[in-house]
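Tertiary structure, described
Spelled out, the chains give:
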Amino acid sequence: MSGTRETSESKSNRAVGFDIGGQSVKAVLVDRSGRVLAETSRPTGVSSTVESLIASLVSARDELCAGEQADAVVCGVGVAGVMGAGGVLHGSPNLPEIQDIEIGRLCQGALSAFGVGVPVDNDANCAALGEGWNGAAAGETDFLMLTLGTGLGSGLVLGGGVYHGATGHGCEFGHAVVMHGGRTCGCGNRGCLEAYVSEVAARRVTADASEPLRDAVARRRRAGDGAAQALFAVAEGCDPEAGAREADALVTEMIWALGAGIASAVNIFDVEVIVLGGGIAGNILKRRSELEAAVAASLFARSIGALRIRAAEHGPLAGAIGAARLAMLSETATGSKSVT
Ligand SMILES: [Zn+2]
């Protein structure tokens, strides 16, 4: 797996990007500037098979390209999961039937009639590409994107290219250890950032909370909030009867863990731009001063004033837009190549 660089030239005027998640495939058709011309989605779930997933991609592509020669439009794919070299998807959360498959080759076979490569990358890497194209990190060559959702995804762009590391598994900030011997993470290790800053983490601390707070969170969740959003809302509500002080303490712990993770990234990679996306990002950025204090407390030889923490701009489409960017970047003068 190698990095894609912004210096690559694209021949195509349009590209389709897919973002394969545990609940849906999001798909967009974009032009050369990254403007979204059309979007659609298809459901996924625990019963999704490789065959049903590929059929969904083709169906979504055909819908987006109606009236065009669909298989002549370049495609790129982002997927929530562990990607290895050669476009192999080792595993994807919430898609248990899809493991150790050559998703790059399968996508190429299904989506391209001309042997044009279909690059595949991790969804958070694609989200970083999307935000770096025409979003919150447009024009930046070095930045870190964190997607704060069910889990904590991350994409690191250095020198204009996504950093993959030696084996393709680089930049998993969700599994940076911020608390030695701390909470057990879904990956099996302890003290990972994801175990403190994610929807799953919020569900866990809520389950262990006092009854008034559990009830208050449950009421908000019935109204449609996620557990993390509900915790932030209860904390803001300042109602001691609903466990506001307890919620505030839990939210504060989440923000300080994130601050430690961001500061570590800055200390190691010397990035000056951090992009926060995902469903929890808005709640955390409402408490920006607290987050900046948490980051500043762990910065080494740097000023918090030089760091720019920005909200992602592409919302839930960032991964799909970035996947389309991946497709354009991976083209060569003679056709196209996969970057995975
Ligand atoms: Zn972990």
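Conventions adopted
Residues numbered from 1 in each chain as written. Predicted model: local features only at pLDDT ≥ 70, side-chain atom pairs only at ≥ 80, totals over all residues. Pairing = 2+ DSSP bridges. Helix = DSSP H or I, 4+ residues; strand = E, 2+ residues; numbered from the N terminus. Axes fitted to C-alpha atoms, helices over the stretch in contact; angles between N-to-C directions. Contact = placed C-beta atoms within 7 Å. Core = buried A, V, L, I, M, F, W, Y, C linked by C-beta atoms within 7 Å. Buried ≥ 20, exposed ≤ 12 C-beta atoms within 10 Å, placed from the backbone. Domains from an automatic or database assignment.

1. Re the sheet that holds strand β2 (residues 24-31)
The sheet built from five strands is open, its strands ordered β3-β2-β1-β4-β7 with mixed pairing. Lying at the two open borders of the sheet, with one neighbouring strand each, are β3 (36-43) and β7 (120-122). Strand-to-strand twist in this sheet, taken as the mean axis angle between neighbours without regard to direction, amounts to 20°. Here helix α10 (residues 318-329) sits on the sheet and contacts β1 (14-20), β2, β3, β4 (74-79) and β7; the angle it forms with β1, its principal contact strand, is near 130°.

2. What to know about the nonpolar core
Core analysis: the largest hydrophobic core is formed by 108 residues, its most contacted members being F18, C75, L231, V234, I274 and A324. For this core, the element with the most residues is helix α7 (residues 244-269), which contributes 13 residues. Ignoring any residue separated from it by four or fewer positions in sequence, one finds L231 in contact with A202, T206, V217, A247, L250 and V251.

3. A few points about unusual backbone geometry
Despite not being glycine, D270 shows a phi value in the positive range, around 60°. Relative to the elements of secondary structure, D270 occurs in the loop between α7 and β11 (273-277). For D270, a count of 11 C-beta atoms within 10 Å gives the class exposed. Unusually for a residue other than glycine, A301 sits at a positive phi of about 55°. Position of A301 relative to the elements: it lies in the loop between α9 (288-296) and β12 (308-311). Owing to 6 C-beta atoms within 10 Å, A301 belongs among the exposed residues under this scheme.

4. Looking at the domain arrangement of the chain
Splitting the chain by domain gives domain 1 (14-128 + 317-336) and domain 2 (138-312). For domain 1 versus domain 2, the distance between C-alpha centres works out to 27 Å. Between domain 1 and domain 2, the residue contacts involve 12 residues of the former and 12 residues of the latter. The set of elements that each furnish at least two residues to the side of domain 1 that touches domain 2 consists of β5 (82-84) and α3 (123-134). Sorting elements by how many residues they give to the side of domain 1 that touches domain 2 places α3 first, with five residues.

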